[in-house]
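Close look at the chain arrangement
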Amino acid sequence: MQSEAELLRHRVLVIDDNPAIHADYRKILTSEDNAQLSAAEAGLFGAQQLDVARPVFDVDSALQGRDGVERARTAVAEGRPYSVAFVDMRMPPGWDGLETIENLWKVDPELQVVICSAYADYDWLELLARLGHSDKLIVVKKPFEPIEILQSASALSRKWQNARALKRHVESLELVVTDRTKGLEAANRQLRHLASHDALTGLPNRLLFDDRLAQAIAQATRQLHEFAVVIVDLDRFKLINDSLGHRAGDDLLRVVAQRLSHAVRAVDTTARLGGDEFVILLAGPVTREEAIEIGKRAIECMEPAIQLLGIDVHISPSIGIAFYPRDGATVDGLLARADAAMYSAKERGRNNVQCYEEGMNAVTQDRVKLESDLYEALRSGQFELHYQPKVDTASGRINSAEALIRWRHPQRGLVPPGEFIVVAEECGLLDAIGEWVLFEACRQAKAWQREGLRPLRVAVNLAPSQFHLENLVDQIRRALAAAALEPQYLEVELTESAVMSDAEESIRILEAISRMGVLVSVDDFGTGYSSMSYLRRFPIDKLKIDRCFVEDMTQRPEDASIVRAIISLAHSLRLKVIAEGVETPEQLALLAELGCDQYQGFHFSPAVPPTAFAALVRQEPADAEDEAARTHSKLAALAHAKR
């Protein structure tokens, strides 16, 4: 930190051809023998001002203008410039004062100048016209009073100091502004990038792709060549999201984006439209064979396994290709045709490439119409539940019912779930439909009781995505409360793969459901990848043997062995076993022989509307004690036993 004295110290340059005048300047401006000066100050300012700190000057001398300019040049180079220069106007034989000042300001434009001369060859207006720096120039006539010199030096040095401080401050502000401007420019570049690129994969987004596609159309129109648009949709991607979580799904999408970028040419554009759908612009000219080859290369690049959460996951794409101008002449038209070809690839077994052909649009339009109709069906109550009896193998008596959804379409009639569940899953409606099924099944079970039907348990299938909803337990609790149904009359069925996708999380959810008194069944058992250690820990009440084992077990001994093993395993874990898809007396007889507890299938009855199901139950004789009333879920049974 500089002291006050250092802050007030300035360098002064005196340029005068009279050596004696330099001594006068030093006497006035330095602390050497200034008794006369002090008296002058006292006379001007008063005695009380003598103790006030005044600037201290370092004085350098030059007898000629050229010498003075060189001193000023050296001072600037050393970073110790002069603040004030006192210049005589007549300095023969060299430069006069005017020429000296002009050259001084070339060397140091900030230098303050005092013209101190008895005679001048120029009048004041001529000086101003030539120098043009009146704010840095004052005139003192010789002979001068010491106080004039001191005041001129003090005022101009302060002005010089303030001007430099202001300049430094402005430069500092300019640096701040420059830095912030650079930051804003970087932020704007980032915003522009985010506006035109997908945040997850870094690929161009739909906005940028549409722009490039429009440019490609304009160029192809001028140059009369073809180009292609390729839609790439990942097969069964939702299963990965549901089973491994959205973070793993995001990791997969990033890997897919990299692989697709490597599969195409440098002139092509790969973009992400959203979800698991990508699009590639194959710049023209491109032939049908070249486009198909790039599509096949994209399939090949997806073949290596991708490791997610320690699991090797295999992914495959369905690819559709449309060509300009043959298949479409607009952005929307080309994308619609490529999309239709992609859905055709899915219908032909997935993991293949299809080019657009006439008639494919009808399939796509029908699918879009189906999606729209599904939203309307959920809104206007077009869904209904049919109920398939679950029958006790030994007694032949209806034990419970499985609720199965049907769609009463205004034009198509009764639509089975196989025709709309996949579409509902892909358009994000499956969880909402599942919630409706849960509430409606509980309502119907209670309605049967109020009609005088013996209490029966109703089983509801939970989709994998619905099972992993954060509010599933609360959803079940609300459905039971809305229907005033006891929890023991509700059963939830989950697929083996859904339960095992995150075993620890599944245990937490299943325990919460079981403690409520709701029974838990594992559906399609034997087709997934169960771990026996986890199966032992799950609060499960029933296992359902998948129909694929039941179908041929009377002709295939190995299938019968699998069924026997599942029944034995379930009973060792104190679980009930249900066989689904029983269609013949021979299948039922073998299941009874193997000790299967219950069965369901067309041999007894298909799924029927609520009134028809109630009629089936009423045909049976009433028992003194009903099995549903005395059966508890595993954890509820433990709590009951402790009481």
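Digging into the packing of aromatic side chains
Given two aromatic rings, their pairing is described by the distance between the two centres and the angle made by the two planes. Inspection of every chain in the model, using the stated rule, returns 10 aromatic pairs. Across from the ring centre of Phe323, 4.7 Å away, lies the NZ or CZ of Arg326, which sits over that ring.

Some points on the confidence of the model for the protein
Residues shown with low pLDDT carry predicted positions that ought not to be read at fine detail. Scored by pLDDT, the protein has a mean of 84; 88% of the residues are at 70 or more. Within the model, the stretch residues 1-7 combines pLDDT values under 50 with three contacts to residues more than four positions away or in other chains. Note on residues 33-52: pLDDT is under 50 here. Beyond four places in sequence and across chains, it has 21 contacts.

Structural notes on the environment of Glu99
Inspection of the secondary structure assignment puts Glu99 in helix H5 (residues 97-107). When the C-alpha positions of Glu99 and Gly65 are compared, they lie 8.0 Å apart, and in sequence the two are 34 residues distant.

Here's the deal with the pairing of strand E14 (residues 398-409)
The buried count for E14 comes to 10 of 12 residues, which makes it a mostly enclosed element. Alignment of strand E13 (residues 383-392) against E14, held across nine bridges, turns out to be antiparallel. Residue Leu385 lies in a different strand from E14, and its bridge partner there is Ile405. Linking E13 back to E14 in an antiparallel pair, the connection comprises five residues, with Gly396 at a positive phi of about 75°. Where E14 and strand E16 (residues 457-461) come together, three bridges link them in parallel fashion. By the bridge assignment for E16, Glu402 is matched with Ala459. Pairing of E14 with strand E15 (residues 413-415) involves three bridges; the strand directions are antiparallel. Within E15, the position partnered with Trp407 by the bridge is Val415.

Criteria and thresholds
- Residues numbered from 1 in each chain as written.
- Predicted model: local features only at pLDDT ≥ 70, side-chain atom pairs only at ≥ 80, totals over all residues.
- Heavy atoms only, no water.
- Phe/Tyr/Trp six-rings, centres within 6.5 Å; stacked < 30°, edge-to-face > 60°.
- Lys NZ or Arg CZ within 6 Å of the ring centre and 35° of its normal.
- pLDDT = per-residue confidence, 0-100.
- Contact = heavy atoms within 4.5 Å.
- Helix = DSSP H or I, 4+ residues; strand = E, 2+ residues; numbered from the N terminus.
- Buried < 20%, exposed > 50% of the residue type's maximum accessible area, 1.4 Å probe, protein only.
- Pairing = 2+ DSSP bridges.

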